[in-house]
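Understanding the architecture of this molecule
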Amino acid sequence: MFVNQLSNFLTDEEFNQILSYIDRITRDNDFPGWKLTSVSDFSKNRRFWNFNLSKEKLFTEYFFNIFSKKIYEMFEEKITLSRVYLNGMTYGQHGTIHPDEFYSEKRTLLIYCNETWKNDWGGGTIFDYGETTKIVMPKPKTAVYFDSTIFHGAQTVTPDFTDLRVSLAYKLGVETDDQ
């Protein structure tokens, strides 16, 4: 099991393209197209914003190709795409601690998509290893690549943060030698 924090995972150009897309879908301040959802049936009171990107070639092809090359260069893992979406949180919303998958050949790539971030705003992603935890703050252009079996969840943002905390989530598989 591993959690890799990748500072400056995105180039300025990649980051600006993603920010521009997010700006277009959230421009009216009421988050049109975003759906208020929950992590599972067990956490219906823990709702957050979600935007499905499975039909957006910008994310399923263009960015996936870029990111899969970066992942291969860093970790020598060939990845396949299962799904991709945006998560959003405002003050008072937070995630539950959960694994994304139960199979060791599954990975998650979270990319933080806010133009600026102050640690005083909270909103970190907590990773629970049982006896130890790690918190990754949602710094601009930072990503976290991790084993999807690791329990994790987003912490709430503070009242000082008055925007939408956004992360881009890629759910991935790892190609094995027998595939």
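Residues numbered from 1 in each chain as written. Predicted model: local features only at pLDDT ≥ 70, side-chain atom pairs only at ≥ 80, totals over all residues. Heavy atoms only, no water.

1. Concerning the environment of L109
Under the convention used in this document: Under the scheme used here, helices are H or I runs from DSSP no shorter than 4 residues and strands are E runs no shorter than 2 residues, and both carry numbers assigned from the N terminus. What makes two residues a contact is simply this: any of their non-hydrogen atoms within 4.5 Å.
Along the polypeptide, L109 turns up in strand β5 (residues 106–112). As a C-alpha pair, L109 and V84 span 25 residues in sequence and 9.5 Å in three-dimensional space. Each residue touching L109, except ones within four places of it in the same chain, is listed here: F9, F67, I71, A143, V144, Y145, L168, A169, Y170 and L172.

2. Focus on the nonpolar core
Where we set the bar: Here, nonpolar core refers to any group of buried Ala, Val, Leu, Ile, Met, Phe, Trp, Tyr and Cys residues whose side-chain atoms link them within 4.5 Å. Buried, partly exposed and exposed residues are distinguished by accessible area as a fraction of the type maximum, computed with a 1.4 Å probe on protein chains only: under 20%, between the cut-offs, and over 50%, respectively.
Counting residues in hydrophobic clusters, the biggest one holds 31 residues, and the most contacted among them are F67, L109, I111, L168 and Y170. With 6 residues, helix α1 (residues 12–26) is the largest single contributor of residues to this core. Every residue in contact with L168, bar those within four places of it in the chain, is listed here: I18, L53, F59, F67, V84, Y85, L86, L109, L110, I111 and C113. Grouped together as the second largest cluster of nonpolar side chains are 10 residues, Y112, F127, F146 and I150 included.

3. A few points about unusual backbone geometry
Its identity is not glycine, yet N8 carries a phi of approximately 55°, on the positive side. Note that N8 resides in the loop between β1 (3–6) and α1.

4. As for the packing of aromatic side chains
What describes a pair of aromatic rings is the distance from one ring centre to the other and the angle between the planes of the rings. Going by this rule: Side-chain rings of Phe, Tyr and Trp, where Trp is taken by its six-membered ring, are said to pair if the distance between their centres is within 6.5 Å; with planes under 30 degrees apart they count as stacked, over 60 as edge-to-face, and otherwise as tilted. Should the NZ of a Lys or the CZ of an Arg lie within 6 Å of a ring centre and within 35 degrees of the ring normal, that charge is described as sitting over the ring.
One pass over the structure, following the stated rule, counts 13 aromatic pairs. Ring geometry for F9 versus F67: centroids 5.3 Å apart, planes at 45°, classification tilted. Here F67 lies in helix α2 (residues 57–75) and F9 lies in the loop between β1 and α1, a separation of 58 residues in the sequence. The same class applies to F9 and to F67, which are both buried. On the numbers, 5.0 Å between centres and 70° between planes, the contact of Y21 with F59 is edge-to-face. Of the two residues, Y21 is situated in helix α1 and F59 in helix α2; the sequence distance between them amounts to 38 residues. Considered together, Y21 and F59 belong to a single accessibility category, that of buried residues. Linked through ring pairs, F9, Y21, F51, F59, Y62, F63, F67 and Y170 together constitute an aromatic cluster. Over the ring of F9 we find K70; its NZ or CZ atom is 4.9 Å from the centre of that ring.

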